[in-house]
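Single-letter residue listing:
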Amino acid sequence: MFYKLVALILLPILLVQGRQARKRALKLPEAIGKREGAIKDPTKPPLTILIIGDSAAAGVGVHHQDHAFLGQLVSNLKNDFNLSWALIAKTGAKTKDMTEILKKAKLATTFDIVITSLGVNDVTSLQKTKNWLNEQNNLHQYCFQKLGVKHIMVSGMPPMHKFPLLPQPLRWIMGSRAKEFDCLQASANSNYTNKSYEPLLFDMDQSAMAVDGFHPGPAIYFEWGLNLSKRIVYIAKSLPHESGAKI
């Protein structure tokens, strides 16, 4: 792709910009709060959800999980389901890390739906696209085979070409790479009935981002949670009626 040629030509500049961006980046903490729970209502259909991913899944950019992606999902789904949930997320996690993290977590349950939020750290670490797709597939197979997952929702890549922390031309290069990754994962998951690619269907305005210029702010977590909760309601209708065990 064209951006790769430009990146090769500008490599010395990009390396300097990358070091400078890491040096001045604010080190925001992951959101505090419980990462598993349930709102039990036997009059409603059961649903168990697992969110796995990187710093965005962990809620970096807001103080508490109630205002992060997890909290927004729970808030939107609690009136429709006999709901149980868990969150396994770590700042800096790449796709290849997540399978090992899940193994160490030793989850004592199965899940109806897994939502993945991964890819940004694969982009910034210059992971090869073929290797990344293989790691995605390995992760998905682990979820299906070991966690009894019925459906995997692959959340789309954020628009890195809009991240204020990244200077130009580094921002354009990383943004172009993120777009390539996003197109690849959309294509890779398009032919499965038990997987779905879920693009970010809202404009990530810079003013809505966290103060570090790299992570979502409250408004973005709100939109992200709202959009995916609507998709979950739709997808849940096609799942088998029996649910996984309790958290």
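Structure shown above.
Fair warning: this is a prediction, and the values are worked out from it, not measured in the lab. Residue numbers restart at each chain and count upward from 1, following the sequence in its written direction. Note on the predicted model: pLDDT of at least 70 is required for a residue's local features to be given, and 80 or more for side-chain atom pairs to be given and counted; whole-chain, interface and lining totals, by contrast, use all residues. As a rule here, side-chain values come from all non-hydrogen atoms in the structure, and water together with hydrogens is ignored.

A description of unusual backbone geometry should follow, citing residues and the corresponding values.
Note that the residue after Gln168, namely Pro169, is joined by a cis bond; omega there is 10°. If you check the backbone angles, Lys106 has positive phi at about 50° while not being a glycine. In this text, helices come from DSSP runs of H or I with a minimum length of four residues, and strands from runs of E with a minimum of two, each type numbered from the N-terminal end. Tracing the chain through its elements places Lys106 in the loop between helix H5 (95–105) and strand E4 (113–117). For Leu126, which is not glycine, the phi dihedral falls at a positive 65°.

Tell me about the side chain of Ser196, and please be specific about residues and values.
Within the secondary structure layout, Ser196 lies in strand E6 (residues 195–198). Each residue's exposure class comes from its accessible area (1.4 Å probe, protein chains only) as a fraction of the maximum for that residue type: buried when under 20%, exposed when over 50%, partly exposed otherwise. Taking relative accessible area as the criterion, Ser196 reaches 8% and is therefore assigned buried. Among the polar contacts made by the side chain of Ser196, one reaches the side chain of His151 at a distance of 2.9 Å. N or O atoms within 3.5 Å of each other form a polar contact, as long as, within protein, one can give a hydrogen and the other can take it, and as long as residues adjacent in sequence are counted only when both atoms are side-chain atoms. A distance of 2.6 Å separates polar atoms of two side chains, one belonging to Ser196 and the other to Glu198. Contacts: residue pairs with any heavy atoms within 4.5 Å of one another. Those residues in contact with Ser196 that sit more than four places away from it in its chain are His151, Ile152, Met153, Val154, Arg231 and Ile235.

Explain the packing of aromatic side chains to me, using residue names and the numbers behind them.
Ring geometry is summarised as follows: Phe, Tyr and Trp rings, the Trp one being its six-membered ring, pair when their centres sit within 6.5 Å, and such pairs are stacked at plane angles under 30 degrees, edge-to-face over 60 and tilted between the two. What the rule picks out here adds up to five aromatic pairs. Between Phe2 and Trp172 the ring centres are 6.2 Å apart and the planes differ by 70°, which places this aromatic pair in the edge-to-face class. One end of the pair, Phe2, is in helix H1 (residues 2–9); the other, Trp172, is in helix H8 (residues 170–188), and 170 residues separate them in sequence. Under the relative-accessibility criterion, Trp172 is labelled partly exposed at 35%. Ring centres of Phe69 and Trp224 lie 4.0 Å apart, and the angle between their planes is 15°; this geometry places the pair in the stacked category. With Phe69 in helix H4 (residues 69–77) and Trp224 in helix H9 (residues 218–236), this pair connects stretches of sequence that are 155 residues apart. Phe69 sits in the buried class, given a relative accessible area of 0%. An aromatic cluster is defined as three or more aromatic residues linked by ring pairs; in this entry it consists of Phe69, Tyr221 and Trp224.

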